[in-house]
Amino acid sequence: MSCSLLHFCSFQDLGTVRDFLFPQVKEESSSGEKEHNWEDEDWGAWEDGELKEPREDRSTSNVPALSWLQDCVISLSPTNDLMVIARDQKAVFLVPKWKPNEKAKDEMQYCVTWSGILSVEEGECINSTICIPLASQKRSSTGRPDWTCIIVGFTSGYVRFYTENGVLLLAQLLNEDPVLQLKCRTYEIPRHPGVTEQHEELSILYPVALVTIDGFSLFQSLRACRNQVARAAASGAESVQPPPLTYKKWGLQDVDMIVDHASIGIMTLCPFDQLKTASVLGGFNATVKSSPPAMSEYVTVGSGPFAGFFYALEGSTQPLLSHVALAVASKLTSALFNAASGWLGWKSKHEEELVQKQKPKVEPATPLAVRFGIPDSRRRGENICLSPCNTLAAVTDDFGRITLLDVARGVAIRMWKGYRDAQVGWIQVLEDLHEREAEKSNFSPFRSPIGLRRVAQFLVIYAPRRGILEVWSTQQGPRVGAFNVGKYCRLLYPGYKIMGLNNVTSQGWQPQTFQICLIDPVDGNVKTVNVPFHLALSDKKSERAKDMHLLKRLTTLLKAKVSNPENMETEIKMHLLDIKYPAMKKQALEKMLASKNIPLSCLTNLIQALLDSLMNQDPESVDEGLLQFCLSQLKLLHLYTCVDKLNSKDLENGVAKTSDDLATLLRLEEREVVKIQTLLDNYRQGNTRSTVHFEEDKNYKLPIQMFLEYLEYEKEVVNVKKLSEDECVALGDFFFWKCLCGESSAEEVCHLLESAGARPQQFLTLLLSMWLFKEREILKNQDSIHYLHVTLSVLNQMKGAVDNSWDLQSVNPWWQQMRSVCAQSENVGAALLAALVGRSVAISATNSLVEKDVEVQISDGMTDSWEALSLDMEHWNLLLRQLEDCLILQTLLHSKGKKTSSTTCQHSEPLASISVKKLLEGGRGVVADGVAKWVFNLNLVPSILKQAHQPKALENAEEPMEGENNVLISEKYKELDLKRILELLQLAYERFPCSLESDALHAHCCWEYVVQWNKDPEEDRFLSVSVDHLKCIGNAHVQRGVAVMMWNTFIVKRLSAAAYLMDKVGKAPKDRLCRRASFRLTGTNSQDVGMSDTSMTSFLGSCSLLLQTLMEAEVSCDEMKEPSLDIEDTWSSVEGPTSIVDLALEQGHVHYPLVQHHYVLAVVMHGIMLFGMKSVKIFSLFDSKGKNAFFKELTSIQLLPSGEMDPNIVSLRQQFLMKLVSASVKELIKPPKTECTSEQQSHQEQKEDWSSVAVELSQNLQVDEDVIRRHYVCELYNHGIDHIGEEALLQVHDQEVLASQLLVLTGQRLAYALLHTQTKEGMELLARLPPVLCTWLKAMDPHDLQNTDVPIIATAKLVSKLIELLPENHGQYSLVLHLLEAVEAISSL
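Residues numbered from 1 in each chain as written. Predicted model: local features only at pLDDT ≥ 70, side-chain atom pairs only at ≥ 80, totals over all residues. Heavy atoms only, no water.

**With respect to the overall build of the protein chain**
Across its full length, the protein chain carries 48 helices and 37 strands. A buried classification covers 50% of the 1389 residues belonging to the protein chain. Taking the contacts inside the protein chain whose residues are at least 6 apart along the sequence as the reference set, 71% of them involve residues at least 24 apart. Just so you have it, the protein chain exposes about 68,500 Å², and 50% of that area is on carbon and sulfur atoms. (Helix = DSSP H or I, 4+ residues; strand = E, 2+ residues; numbered from the N terminus. Buried < 20%, exposed > 50% of the residue type's maximum accessible area, 1.4 Å probe, protein only. Contact = heavy atoms within 4.5 Å. Areas by Shrake-Rupley, 256 points an atom, 1.4 Å probe, with all protein chains shown as cover.)

Put into structure tokens, the structure is as follows:
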């Protein structure tokens, strides 16, 4: 195991962060996009993922857009819960969240939580920032911080503290110079008992001063400020002064320039160092204290000196107290205080501004002179990074060097060259001693149950000029890792952990912190470095390091191309035997076994050599696990070699078996074999799925690597691992396929398995998996049945297959396993053949057992064995009947016509394959549901399903049935291979007489069509066919239940939305309104109409038919019994979801008047949409009771209108019905449609007699029926449809009133013929007419006529009809006689 660069996190959109901090780069990139035609890419959206740019071929203009991260101030919390990126006055806060990436896998991504401007003073900029996680005070905490504080240092000298949401907590001005650097030190458990315990602190570096804030004081103040800001934001309470900050301020002297610093902490000198220091400082006569003093050490880098060492004696100066400047005057609380200042008497705005402009008092610094340094007048230090154990520090300078300092001795111990602009960090790794858990009584991260754990420190160097990341072992160690990374990355090393812990609270805490990470702005990824401990050990002291080197060389050899296998075997053997650690040996052995470049013989020789070397060693020093692993792999290799040799032999195939041989082999009668062969032929003919099959390589064999991966050998037994279905098929193919093809000996294969200690049950599963998978090949080759019988017989005789103590009166577990596999298979044809063979072998095996005990049974008078045989065979016979049923059903479901409807094909879904287990677990209606989906896919009309139930259906298959929709049925006969479909349907009806009973099948078809319609309401034909299936249901109870379920589930919401839409617009809505309109219904969510105007018309017609069918079913329920739901004996143990028929029978009775009320509404809406009527408010036709009753549960009792209706409403209803009749008559005279859209219109709409519908509505709406009939007759004559008018005239009761109305219409016809044509003969005839008639004709207005081109003969018939209708004593009878004479005169012209 070597160093690795692991993906740590990523950015959701780093480009947007760059655009916020660098607006000028955004403008340049946008202009560049226009030049390079990159309009299709989106560079600014937060949600569009990572900004991906290629690393190569970048122009110089793109470099500033990539190197922007080098100019930012970046800080990342060590617990990875917050990152801050800042520049100038702006800052962006990011937090990690789990989000899906481009591959739809969840990964951690940094998302922006806050962005804005942090500067307060004019002209100040951000110089440094740090994220410090604060520990939780709760006892139940598991190591995660309570919250994270962001500390920002500005050029104005201010240090401000913020929450994760950008809320200012407090601000401190401890020095008026710019803040150069912020660093933090948190509590660490001492590694050794004598090591001085370091306290927490925050250090702030200024050009000539250093401020250190006590960690405990800072922790308490930050908590208090956060709580106070939260209270103020919630209630506007007055601020409470938090505890003051305790800090020390040192004035660093005798240094020309300071750039960076490191706070080493408190150190205590040993007696020798104490004497040396006293002699250097005080001379020969210096006095020495008895106990060494404690000192705080600080190291600075810069110039004059290059590195300076400062020591501050503890107790030499008193810590300063700073009054915390609360940031309660934030935006939220300031707004609250300013709003209330008028009535609370607070200070004016002018006074507040004066107070804010006054800077706080700055305490003077305590002088602290440099004790010594590393002088280098030309070198200037740029950055110092302290190691985790506070003993070493890495310093970078302007000469491109990295210097390693020993901070205790103050000397440089190592230097690296050629690292200009380098960034450094540290990684501390603990030794893993056998991965044992630490003792709870003596917890320490450095201790283990067997001694002190060693600690290794590695220096990480990032060289941006070269784009390389290196890992070096310290102090004088080699480079242990190197990675090629981008040239624009940033290396982040916090150097601290969680603040707020001590020697008590840290017990048991294991915080999830990282040590170092690398940000790549090109791909937006954040990576961390993983370094194993053993890399810190030298080659002379670490055998593991040597083993790692040998393992790497072995891996390289295995990947290389093999030119000389013998030399390769020798070299691999040498490396393998040189490895010392058993774990490494096993790892090398696993790599060899997984390699595809090593031949089988070479692999066997290598494992044998390793085994020999282990056997020659001292038994006590040999690793038992490695020894057993070698033995097991050799056993498996031997098994693979033997089976491969058997498969390579060429055996002569036997003679093809006839049906007689099959009958004997399967213990069946000849007719049963013929029947099964016919079923399999039909199944194979219909089971032609559109899948791609590649020709299999006959010479292909299972690779040894996969063989070893699938099997394991332990305790002298070969076990098959838990494999997927494809893996089982591959392994079964290797063992048994040659046997099933007659090319290998099944006896020899099973003998090999038995000698290897194989479990027959596992290999039975492999055999059946392969058999079922290769169904296509098996059905083509009849001989495979014989070979399966042989293989299964031999496998059954293996040791452990059948328990000798098995009781014949119980079910055999061996055969039960086989039956279970066949029942679960979706390849029903192969499963049926396997079950037939298994039954035959089971009979033979059971008979052999019975024959052994027959003498004992006869002597004892026992005959239970034959009953036991019948009991076990009953399971086989039941499974065979179930498989035959599944085979027939599967054949039906996979059958397709010669041509299917394109509309249905677009919506049809592939039918799922079935199995015995699926049918047993699918519930009572699973068969009917599958057939219903098949009916939908083929778009079969209900009459075809009826025809299949008739005994002579096949004889009349080519003759279309008389009755409903003959055109559609005849088209179906042409499109589909109807004869084959009817044969399969009839066969399925015979096998499933209960499940495919007519009512059950129509109920499921009805439900399937309405479900498909609900998915796409534009396909209005689906709903129409669904209602047709509903009408075909014979039992009224089932019919009513299905109708109620359709209404409640799919219809009522759309119908209500359509009703409210039509009432709102007052006419038939246009297509745009129908598609977009949505209404919020009472007690429900908003519902869209969601269909076009033409689809809505058909929908309303289907609704009216549905409600009409529901009313008829409700009436018939009283005269009919509920059906008894039976199930076939073969499927009596079925379990699962409730069927549609069961659910339908659970529905209660409906309230007939309420259904009729909705029926009237649906018919009214259908008429409005069909004829495009205008100026109709549908709800105005009903009173308040009727409106309130709409769209309520049909089973509920609602208060409906009763008694006399308001005359105004009756008048509106009469006007509507008359408009409806007029519109329907206009449709009669329109020419028939020849466009393709007319084919989609349902036959109900084309043939419906709307005059009869209007009369029916008049009965329900309390309108005089005779008025509607008279209006209908008048409209017919008005449009010149006299032949239909003569028939409709007979239904009018008050014919005298009708005659008066028709008399006016006759006068209008004559007036048009005589007065408006103005022919010479007409004028002469008009002069001869009686004056009374002439005056009456002139008063007529022929413009009211809809059809003026009516033959005079038709008018003469009308006048003759009027004479019959009017009594002789009628006032206009004489006028009719004059009309008769005039008509006769006109007809004689």
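Read on for the rest.
**Some thoughts on the sheet that holds strand S15 (residues 294-303)**
Spatially, the four strands line up as an open sheet ordered S14-S15-S16-S20, and their pairing is antiparallel. The open sheet has two edge strands, strand S14 (257-268) and strand S20 (372-374), and neither has a second partner. Across the sheet, the axes of successive neighbouring strands diverge by a mean angle of 20°, strand direction being ignored. As paired elements, S15 and strand S16 (residues 307-313) share seven bridges and run antiparallel to each other. Bridging across to S16, Glu 297 finds its partner in Tyr 311. (Pairing = 2+ DSSP bridges. Axes fitted to C-alpha atoms, helices over the stretch in contact; angles between N-to-C directions.)

**Looking at the sheet that holds strand S25 (residues 423-430)**
The antiparallel open sheet is built from four strands, whose spatial order is S25-S28-S29-S30. Of all strands in the sheet, those bounded by a partner on one side alone are S25 and strand S30 (479-484). Strand-to-strand twist in this sheet, taken as the mean axis angle between neighbours without regard to direction, amounts to 20°.

**Some points on unusual backbone geometry**
Cis geometry marks the peptide bond from Gly 304 to Pro 305; its omega dihedral reads 5°. Tracing the sequence through the fold places Pro 305 in the loop between S15 and S16. Note the cis peptide between Thr 474 and Gln 475, where omega equals 10°. As for its position among the elements, Gln 475 is in the loop between strand S29 (468-473) and S30. Its identity is not glycine, yet Ser 1175 carries a phi of approximately 55°, on the positive side. A positive phi angle, close to 60°, is found at Gln 1262, a residue other than glycine. Among the secondary structure elements, Gln 1262 is positioned in the loop between helix H41 (1250-1260) and helix H42 (1265-1278).

**Some remarks on the pattern of salt bridges**
Within the structure shown, the criterion is met by 32 salt bridges. Lys 497 is paired through a salt bridge with Glu 188; the nearest N and O atoms lie 3.7 Å apart. Remark: Glu 188 occurs in the loop between strand S10 (181-185) and strand S11 (201-205) and Lys 497 occurs in the loop between strand S31 (490-492) and strand S32 (517-520); sequence separation between them is 309 residues. A salt bridge links Asp 644 to Lys 701; the shortest N-O distance between them is 3.0 Å. One end of the pair, Asp 644, is in helix H12 (residues 624-648); the other, Lys 701, is in the loop between helix H14 (670-686) and helix H15 (704-710), with 57 residues separating them in the sequence. Residue class for Asp 644 comes out buried when judged on its relative accessible area of 16%. Ionic contacts of the salt-bridge type, sharing partners, join the residues Lys 675, Glu 884, Asp 885 and Arg 991 into one network. (Salt bridge = Lys/Arg side-chain N within 4 Å of Asp/Glu carboxyl O.)

**Notes on the environment of Ala 1223**
Its location among the elements puts Ala 1223 in helix H38 (residues 1207-1229). Taking the C-alpha atoms as reference points, Ala 1223 and Phe 1171, 52 residues apart in sequence, are found 6.1 Å from one another.

**Quick word on the nonpolar core**
Counting 270 residues, the largest nonpolar core has Phe 707, Leu 731, Phe 735, Trp 934, Val 1042 and Ile 1178 as the members making the most contacts within it. Considering every element that reaches this core, the biggest residue donor is helix H32 (residues 1036-1065), with 16 residues. (Core = buried A, V, L, I, M, F, W, Y, C linked by side-chain atoms within 4.5 Å.)

**A word on the packing of aromatic side chains**
Counting across every chain of the model gives 28 aromatic pairs. Judged by centre distance (6.2 Å) and plane angle (65°), the ring pair of Tyr 1009 and Phe 1022 falls under edge-to-face. Of this pair, Tyr 1009 sits in helix H30 (residues 998-1015) while Phe 1022 sits in helix H31 (residues 1020-1032); the two residues are 13 residues apart in sequence, bridging distant segments of the chain. By the burial criterion, Tyr 1009 is buried, and Phe 1022 matches it. These aromatic residues form a ring-pair network of at least three members: Tyr 640, Phe 707, Phe 734, Phe 735, Phe 736 and Phe 763. Positioned over the ring face of Phe 629 is Lys 586, at 5.3 Å from the centre of the ring. (Phe/Tyr/Trp six-rings, centres within 6.5 Å; stacked < 30°, edge-to-face > 60°. Lys NZ or Arg CZ within 6 Å of the ring centre and 35° of its normal.)

**Digging into the pairing of strand S34 (residues 711-714)**
Burial along S34 is one-sided: the face carrying Leu 711 and Tyr 713 is buried and the face carrying Glu 712 and Glu 714 is not. Bridge count between S34 and strand S35 (residues 717-720): four bridges; the pairing is antiparallel. Of the residues in S35, the one forming a bridge with Glu 712 is Asn 719. The turn joining S34 and S35, which pair antiparallel and follow one another in sequence, is formed by two residues; a positive phi near 55° is taken by Lys 715.

**Structural notes on H42**
Look at H42: 20 Å from first C-alpha to last across 14 residues, which is about the 20 Å you get at 1.5 Å a residue. Along H42, 13 of the 14 residues are buried, which leaves the element largely enclosed by surrounding structure. Among the residues of H42, the N-terminal cap falls to Asp 1264, whose side-chain oxygen and the backbone nitrogen of Asp 1266 are separated by 3.2 Å. Positive backbone phi, approximately 80°, marks Gly 1280, located one or two places after H42. (Expected span 1.5 Å × (residues − 1). Polar contact = N/O pair within 3.5 Å; in protein donor to acceptor, adjacent residues only side chain to side chain.)

**A word on the packing of H30 against H32**
The interhelical angle for the contact between H30 and H32, taken along N-to-C directions, is 5°, at an axis separation of 11 Å. Overall, the two elements H30 and H32 adopt an arrangement that is roughly parallel. Note on element contacts: H32 touches H30 through Val 1038, Val 1042, Met 1045, Met 1046, Thr 1049, Phe 1050, Ile 1051 and Arg 1054, opposite Ala 1003, Cys 1006, Trp 1007, Val 1010, Val 1011, Trp 1013 and Asn 1014. Partitioning the contact of H30 with H32 into residue classes produces twelve nonpolar, two polar and one charged. (Parallel < 35°, antiparallel > 145°, perpendicular 65-115°, else oblique. Nonpolar A, V, L, I, M, F, W, Y, C, P; charged D, E, K, R; others polar.)

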